[in-house]
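Understanding the architecture of this molecule
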Amino acid sequence: MHPQIETIFDEAEHRYLKSEELGLINQYVHSLPERIDVYRALRDRELEIMQQVADQLEAALPNETVENLERSLKNALLLLRYSAMGMLLNDEMFVQERLLNWLTKTISIYNTQAIDTALFRLLNQRLTQALSPKQINLVGPYIAKVQTAMLQAPTLSSAGH
């Protein structure tokens, strides 16, 4: 659940909610059907979206090992799933705490930024075809946050290890 709403509910044990607190809850509740629709769209079309991305990625990077391509594709699947859940919860920290803390370490070990850069370009193209602009506006910030963190993760070679 959205951290601010969780805090509001915790504080409501001792008093009635203020108008601005009720407004925040109202805003969250009213946006929930749209968030659920985006979540369902991603869940139901994940295989189709990712298969097209995988095919295009393999064609774009024929010299990359299958192992590295698969690793990046699995990370992209996680990115999509965690971004969808973060969007559904309306909680950016969900993505940070559950995914980014360990995923950026994994990326730095395997040095997959070049693959990931191409993959994210293809994934973003595919998402704009699969989702409406309004749906992209809901989930896009979560995906962008993960992509930025992944592409900026230091590699072991550049970190001096």
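Parameters and conventions
Throughout this document, residue positions are counted from 1 along each chain, in the order its sequence is written. The predicted origin of the model limits local features to residues at a pLDDT of at least 70 and limits the giving and counting of side-chain atom pairs to 80 or more, whereas totals for whole chains, interfaces and linings rest on all residues. Just so you know, side-chain values use all the structure's heavy atoms and leave hydrogens and water out. Helix and strand assignments come from DSSP, with helices taken as H or I runs of at least 4 residues and strands as E runs of at least 2, each series counted from the N terminus. Between buried and exposed lies partly exposed: a residue is buried under 20% and exposed over 50% of the maximum accessible area for its type, with that area taken using a 1.4 Å probe on protein chains only. For this analysis, residues touch if any pair of their heavy atoms sits within 4.5 Å. Residue exposure ignores everything except the shown protein chains as possible cover, and the areas themselves are Shrake-Rupley values with a 1.4 Å probe. The positive count covers Lys and Arg only, the negative count covers Asp and Glu only, and His and the chain ends enter neither. In this description, the location of a charge corresponds to atom NZ of lysine, CZ of arginine, CG of aspartate or CD of glutamate. Take a side-chain nitrogen of Lys or Arg and a carboxyl oxygen of Asp or Glu: if they are within 4 Å of each other, that pair is a salt bridge. Each nonpolar core is a collection of buried residues, namely Ala, Val, Leu, Ile, Met, Phe, Trp, Tyr and Cys, held together in the definition by side-chain atoms within 4.5 Å.

Per the secondary structure count, the chain includes 6 helices and 0 strands. Reading the chain from its N terminus to its C terminus gives the helix and strand order α-α-α-α-α-α. When its C-alpha atoms are laid out on the principal axes, the chain stretches across 60 × 40 × 20 Å. Residue burial in the chain is summarised as follows: out of 161 residues, 41% are buried. Put simply, 77% of the contacts in the chain that link residues at least 6 apart link residues at least 24 apart. Taken as a whole, the chain presents about 9300 Å² of accessible surface, with 54% of it coming from carbon and sulfur. Treating the 15 positive side-chain charges of the chain as one cloud and the 20 negative ones as another, the clouds have centres 2 Å apart.

Glancing now at the pattern of salt bridges. Under the defined criterion, the tally for this structure stands at 9 salt bridges. Residues D44 and R43 are paired through a salt bridge, measuring 2.8 Å at the closest nitrogen-oxygen approach. Neither residue differs from the other here; D44 and R43 are each classed as exposed. Through salt bridges that share partners, R45, E48 and R126 make up one connected network.

By size, the foremost hydrophobic cluster in this structure holds 38 residues, and its most contacted members are L42, L57, L119, L123 and L127. Going through the elements one at a time, α2 (19-60), α3 (66-89), α4 (92-110), α5 (113-130) and α6 (133-151) are the ones with two or more residues in this core. Not counting chain neighbours up to four residues away, the residues in contact with L127 comprise L42, I49, L80, I136 and I143.

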